[in-house]
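Here is what each chain is made of, one letter per residue.
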Amino acid sequence: MTRRLMTSLAAAVLTAGVLTALAASAAASARPATAGACATKYTVTGGTVAVRRPAWNDGSVARSDSPVDHYVHRGDVLASCTATIARTLGGPAYRKCGRTGSVWRVVRGGQIPATCLRRI
């Protein structure tokens, strides 16, 4: 009798686990397909701005002397949902587009100073 009770209990737990997994997958499929896509757009306010990719020894944040990946021009629209902050001991990390700052926006191809962007 105990063996039959344990078998039925194990079957009930397995059924509950399968139902929970099915409910989770149904909830995930109910989300819109663009939920993971970045929808935040920025326009470039500076003239010609370099998109920099951190060098192998720069860590995860670009610097003003990091290698240039490509250039963007005034009026270009970029998508960015992530920002990185450059921590320095001596003040701001860069002076670009007429202002000083420490925040870099992550865009396709690298990072760009946030002072050169305006959210649209």
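That block above? That's the structure.
Within every chain, residues take consecutive numbers counted from 1 along the sequence as written. This being a predicted model, a pLDDT of at least 70 is required before a residue's local features are given, and a value of 80 or more before pairs of side-chain atoms are given or counted; all residues contribute to the totals for chains, interfaces and linings. Side-chain measures were taken over the full set of non-hydrogen atoms in the model, leaving aside hydrogen atoms and water.

**Re the state of the cysteines**
At step 1: Two cysteine sulfur atoms form a disulfide, by the criterion used here, when they sit within 2.5 Å. Counting across every chain of the model gives 2 disulfides.
At step 2: Here Cys-97 engages in a disulfide with Cys-116; their sulfurs sit 1.9 Å apart. Taking the sign of the torsion about the S-S bond as the criterion, the disulfide between Cys-97 and Cys-116, at about 105°, is right-handed. Note that Cys-97 is positioned in the loop between β6 (94-96) and β7 (99-101) and Cys-116 in the loop between β9 (110-113) and β10 (117-119), a separation of 19 residues in sequence.
At step 3: Judged by relative accessible area, Cys-97 falls into the partly exposed class, the value being 36%.
At step 4: Here Cys-116 falls in the buried class, since its relative accessible area comes to 1%.
At step 5: Should the bonded cysteines of the protein be numbered as they appear in the sequence, the pairing reads 1-2, 3-4. Secondary structure counts use DSSP, requiring at least four H or I residues in a row for a helix and at least two E residues in a row for a strand, with both numbered from the N terminus. Exposure categories follow from relative accessible area, calculated using a 1.4 Å probe and restricted to protein chains: below 20% of the type maximum is buried, above 50% is exposed, and the middle band is partly exposed.

**Observations regarding the side chain of Thr-40**
At step 1: Mapped onto the elements of the fold, Thr-40 is located in the loop between α1 (2-30) and β1 (41-44).
At step 2: The class of Thr-40 is buried, set by a relative accessible area of 18%.
At step 3: Once residues lying within four places of it in the same chain are set aside, the contact partners of Thr-40 are Leu-78, Ala-79, Ser-80, Cys-81 and Arg-119. Whether two residues touch is decided by their heavy atoms; if any such pair falls within 4.5 Å, the residues are in contact.

**Observations regarding the packing of aromatic side chains**
At step 1: For Phe, Tyr and Trp, rings pair up if their centres lie within 6.5 Å, where Trp contributes its six-membered ring, and each pair is then called stacked (planes under 30 degrees apart), edge-to-face (over 60) or tilted (otherwise). All told, the structure shown has 1 aromatic pair when counted by the stated rule.
At step 2: Judged by centre distance (5.1 Å) and plane angle (65°), the rings of Tyr-94 and Trp-104 are edge-to-face. Of this pair, Tyr-94 sits in strand β6 while Trp-104 sits in strand β8 (residues 103-107), and the two are 10 residues apart along the sequence. Trp-104 shares its class with Tyr-94; the two are buried.

**Comments concerning the pattern of salt bridges**
At step 1: Salt bridges are counted wherever a side-chain nitrogen of Lys or Arg sits within 4 Å of a carboxyl oxygen of Asp or Glu. Under the definition given, this model contains 3 salt bridges.
At step 2: Here Arg-63 ties to Asp-58 by a salt bridge, and the two come within 3.6 Å at their closest N and O atoms.
At step 3: Of the charged contacts, one joins Asp-65 and Arg-63 as a salt bridge, the two residues approaching to 3.0 Å between their closest N and O atoms.
At step 4: A relative accessible area of 42% means that Arg-63 is categorised as partly exposed.
At step 5: Overlapping salt bridges, with partners in common, bring together Asp-58, Arg-63 and Asp-65 in one network.

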